[in-house]
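Tertiary structure, described
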Amino acid sequence: MKRTEPLEIYQPTTLREASRLLKDKGAGGRFLAGGTDLVIAIKEKGLVPKYVVDLKRVPGLSGIRENADGSITIGALTTMRDIEIDSLLNKKYPFLCQSAAEVGSIQIRNRATVGGNMANATPSADVAPSLIALNATAKIVDAGGERMVALEEFFRGPGQTIMSPDEILIEIIIPKTSPQLVGEYIKFSPRDMMDLAYVGVAVAYVIAADKRCSGVRIVLGAVAPTPIRARSAEGLLEGQPLTEELAAKVAAVAAQESKPISDVRSSAEYRRAMVEAMTKRALLNAAVPRTAKVSWCDRRDRRY
Amino acid sequence: MKTKIRITLNGKSMALEAPNHRLLLDLLRDEIGLTGTKEGCGTGDCGACTVYLNGKPVNSCLVLSGELDGADIVTIEGLKIGPELHPIQKAFIQDGGAQCGYCTPGMLMMSKALLDENPNPTEEEIRYAISGNLCRCTGYAKIVQAVQDAAAELRAKQA
Amino acid sequence: MAELTVIGKSVTRVDVNEKVTGGAVYGYDLVLPNMVYGKTLFSPKAHARIKKINTEKAKRLPGIVAVVTGEDAPWTHGESIKDKPFLAQGKVRYIGEPVAAVAAEDEDIAQAAVKLIEVEYEDLPVYTEPEEACKPGCVAIHEDFANYRKVNFIVGSHLPNIAEHFKLRTGDVEVGFKQSDLVVDERYFVPIIQHAAMEPHSAHAQFDKESGRLTIWVANDAPFRALHEITEALNMPKEKVRFINPLQGGGFGSKGGLKVEPIAVALAFHTNGRPVRVKFNREETFISTLTRHEAVVYCKSGVKKDGTLMAREMTIYWGAGAYAEKSPTVCIRGSLPAPGPYRIPHVKVDGFAVYTNKPVAGSYRGYGIPQGTWACEQQMDEIAKRLGMDPVEIRMKNIFVEGDTSYWGEQLHAVGLKETLVKATEAIDWGKATTAPKPGTKIGKGFACIQKPTRSPTTSNAGVLVNAKGEVTVLAGTVEIGQGCNTILSQVAAEELKVPMEKVFMHPLDTDVIPFDASTTSSRSTYHMGNAVRRAAIHARRQIAEAAGPILEANVQDLDFGDGKVLLKDQPQMALPIGEVVKRKLGINGIVRGDGSYTYEIGKDLDLETGHSDHASAFYMYATQAAEVAVDEESGRVRLLRMSAAHDVGKAINPLNCVAQIEGGLAMGIGSALHEEMVVDKTGKVRNPSFLDYHLVTSLDVPPMIPIIVECPEPEGPYGAKGLGEPGLAPTPAAIGNAVADALGVRVYDLPLKPENVYWAVQNKKKKDAA
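Quick notes on the rules
Residues numbered from 1 in each chain as written. Chains lettered and ligands numbered in written order. Predicted model: local features only at pLDDT ≥ 70, side-chain atom pairs only at ≥ 80, totals over all residues. Domains from an automatic or database assignment. Contact = placed C-beta atoms within 7 Å. Helix = DSSP H or I, 4+ residues; strand = E, 2+ residues; numbered from the N terminus. Nonpolar A, V, L, I, M, F, W, Y, C, P; charged D, E, K, R; others polar. Axes fitted to C-alpha atoms, helices over the stretch in contact; angles between N-to-C directions. Parallel < 35°, antiparallel > 145°, perpendicular 65-115°, else oblique. Left-handed = near helix turned anticlockwise from the far one by under 90°.

**Overview of the domain arrangement of chain B**
Residue and element names in this part refer to chain B. Splitting chain B by domain gives domain 1 (2–78) and domain 2 (87–158). Spacing between the C-alpha centres of domain 1 and domain 2 amounts to 22 Å. Of the residues lining the interface, 13 residues belong to domain 1; the matching set on domain 2 comes to 11 residues. A per-element tally of the side of domain 1 that touches domain 2 places strand β3 (residues 50–53) first, with 3 residues. Grouping the amino acids of the side of domain 1 that touches domain 2 by side-chain chemistry returns 7 nonpolar, 5 polar and 1 charged.

Take a look at the structure:
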């Protein structure tokens, strides 16, 4: 990366210091977590930050823990790789671990953090739809205090969140869920690895013994300026027993609710068709308990 | 803006000054002179620049020098065990895992990281581990073979 | 003849140690003393006149050593057509064309200076489609085309923007179609793709005023071609220019001719003797070096109902991009065999290399064969389907066999095609249903056959030196691009001199030292340089035998070579190490030098009106690849279950190395079949110049591969060897396309077979069936 303007990097050791820096140093600063998005933005997208505040020396910002009330807290600086292989998350929400595994390569996942990923607000992000499907909340702090924002409300547009420049996302909290909660994330893209999602579908619902679904959440990625819930589609399934026929109907509605664009990767029509195909699959896959470990190469083609 | 950083590089302590924006990849290649780590894309898509940063394989093209104070870095030049080649290096030679060789340093770093963690990987686990390393010459078959053979040799040494 | 000792053995590559330790120095790694750093300004316009360039601000930046534009570098270069300026002169012809360059004390300053250069452009019409750019009335992208220096086999056209018109005429296709029971007429499309070698492009240059010598360090696959091109451009004598090759990190055809070199050279004239390094990053490598030709292929075939081919008519538009580069020869070499490896009495092919305002297309592994094959091999399957014949059966009916005269008038020998067809299809259990489809997927099998020529005639020269220690040094201009030539050529020298491989060294490539070699392209090196090295080694051996005779008190014909020694045939214990012979004859610093040269016999050049020649190629490589696929009907996603690749190599000098080429080529072919395309929009801008959106296959995308070596010896080849560098990727897209068509009952005509393209093919068929 070539630049003649000096780049200042600060490495605060407290959150207060970190937030203060952004306030005091003024506009043009950026927080640095894993760097996999920020460095690319500087190299490829013409971003010229005046200074960078590295959050990695602030203790307590990474880690995954189950709280007494059954909720799970994921520190914002937890890497995607750590989420991918975490035993607690793999037991409770394997599809969340799967979404983390879809991000780039192992080398990227060793640096990319969940907080950095949320703050970067890419429409095609893989982890956000799964977290929204789990009704996750973001804990945001600044020098003045803290606030909680539902992740569903966190994103405003491509690259834009509801945070102001000096606010820091420090935790993602997944509320306690029913033991009968199931979910699935399907990333649709041409290759088996290394692509951005052309379409991302995360589903989560509680399934009763009689197959009735409740608490249905269907979250679509890469087909709108932010991850979106397909609420009408959800409503069709809510309270109903899951059948292949109903899943197909629900998926068709989800496709209608998506707002895909045509770009160098795909046409809008194709994306819409894949929303329909993948939503149906995700809903039906989720209901099938994963016994053996799913082969990586099969996960996109896996059919209930 | 230059920062004084102290790093451990391939087991040796080093103090140096580098502009904050200097990428670790360029620091290694241009300032320190270790050109074994390669630039393939500069955007984290090919894995040719893989090094270990604090024990984990990362793309060095996406790491800023300004955050490296205190870091432990291992590059391909540090893979050998003393004067001997590491079994993974020997396996690449024996099995034809390197053709033009440009992706090879990154491949070796990822392969060794895999074997350190998982001494008995399946073929799929090997392919998964190196899926962030692009190779345009080999079609990956002989690379996978080499990792399997190195794994067997390492397991035999342990036994 | 004694048994072969090292030929035919899978010896370990000789030069891999540096590669696994990080010690190998590639062009991109090279650092020279007192070096300055070059950066380039590229055109943002696809077709425009340059009205003004202002470099004042850039020149004034502290740390800037030189700033150059086309005015400072008023030279053009080119192989077939001398049409390409070192830096844009007067106009720009594609987005990404180098317009100006700077050299500075460090890269940060150089990059900042590039941003300060101001250029004013005046837009001209932009042509991005090869079929459109040659329609009457189009503005000429090269107004001065008529005055360019061209080689004598260029055939022009009255239509605009045509760099080359290739014609093949055999019989009368109208007669052939009249005699046919079935006529099939289709249009196929192959998009632009990228070589994407893992090492991006770079070049170093230094000009010494005192001696007038220009030295260029570059990982170039044809340094003697580059030498010729640059001396012609600069009007400098050959002795004044020297090319030195650092190691090359892949190329696949993208690192030949002049790419970054002209920029480095233009700067080097202004840096007071300091060497200049110019590196292209990945995006610049994507756009401003080389691409593979897009092609629109019209293919019309007539057959009898028993499957006998009667006629084939093809029109191919090759998108040359903004400059001619290798387009004329790709057009010729790709159009000539495009009708496929078949006996066809009536053939008509018109190939047009058309200038467009897009990145420059040129030599790419396969040299036009993949594009023709995509069309012709799928049409063969289409014909088979309509006649109710098995695709294997229709091939068997028509494929070339030993002794056939091809439709361009050449009698073919060493035709291993049938064996490749049998073995490749057997390997995937052709004719049997072997995989139960998972819900929602359909299984299919398909294959494709190819024949690939090599550029002819060409020359390779070699030297083999033997010193008093018995060490053998080979002087050969073949460039190690990852294909393993250092090892193969060492094997040849080791075989002829009967020395262990450890005693053979390949001399680094330096045009001051190494004798002329045409190029490391076109799969030609094993054959041509193999022959040259073999002759040189035999020459050295003869001299050693003649020196040993008196010492061992024997006649030369009673001597043999074995295990690094000269020995008496009937008393093998009477032996002398060959180094010892050299020492006794010439002293401890003496060197025996053998020289060898090989040029394929010059036959009739291709007739410019008919395309015929009785010796169009030194040898032909044959191959068949077969694929089994599972296609997800809903999404169009193609999963390869397995692929076989049977290649006729003549003789496998190093079987492991042959497998390496087959597997690597196959993976590259899979990429071009399923994923790869450079997306260029209507303004001429490349929309996906990065590995994020230009999809190479990863380790997870490659299926189990079944490489099969077939040996149909080539009498003129070293030990019977042909070549193998290119065919690995040529049949792949058509094989997979045929498998997909078999699975879905629907054919995809436009590459790549990415999910969306397959999806639309299925949807369109559903619509047609419903209507």
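What follows continues from the structure just given.
**What about the domain arrangement of chain C?**
Residues and elements named next belong to chain C. Domain annotation for chain C reports domain 1 (17–23 + 458–599), domain 2 (31–124 + 199–249 + 255–288) and domain 3 (294–399 + 414–455 + 606–770). Put simply, the middle of domain 1 and the middle of domain 2, counted by C-alpha atoms, are 39 Å apart. Considered class by class, the residues forming the side of domain 1 that touches domain 2 number 4 nonpolar, 5 polar and 4 charged.

**Some words on the interface of chain C and chain A**
Opposite the 27 residues of chain C that make contact, chain A presents 23 residues. When residues of the side of chain C that touches chain A are traced back to their parent elements, those giving at least two are α3 (107–115) and α18 (755–770) of chain C. Here the side of chain C that touches chain A is built from residues that sort into 8 nonpolar, 8 polar and 11 charged.

**Re the packing of helix α2 (residues 87–95) of chain B against helix α5 (residues 141–158) of chain B**
Residue and element names in this part refer to chain B. In contact at an axis separation of 8 Å, α2 and α5 are set at 135 degrees when each is read in the N-to-C sense. Put simply, α2 runs oblique to α5. Considering the relative orientation of α2 and α5, their crossing is right-handed. Counting all contacts with α2, which are made through Pro87, Ile88, Ala91, Phe92 and Asp95, the residues of α5 involved are Lys142, Gln145, Ala146, Val147, Asp149, Ala150, Glu153 and Leu154. In terms of residue class, the contact of α2 with α5 is built from 8 nonpolar, 1 polar and 4 charged.

**Structural notes on the interface of chain C and chain B**
Every contact between the two is made by 41 residues of chain C and, on the other side, 42 residues of chain B. Looking at the side of chain C that touches chain B, the elements that each hand over two or more residues are α1 (17–21) and α16 (655–674) of chain C. Per-class residue counts for the side of chain C that touches chain B are 21 nonpolar, 14 polar and 6 charged.

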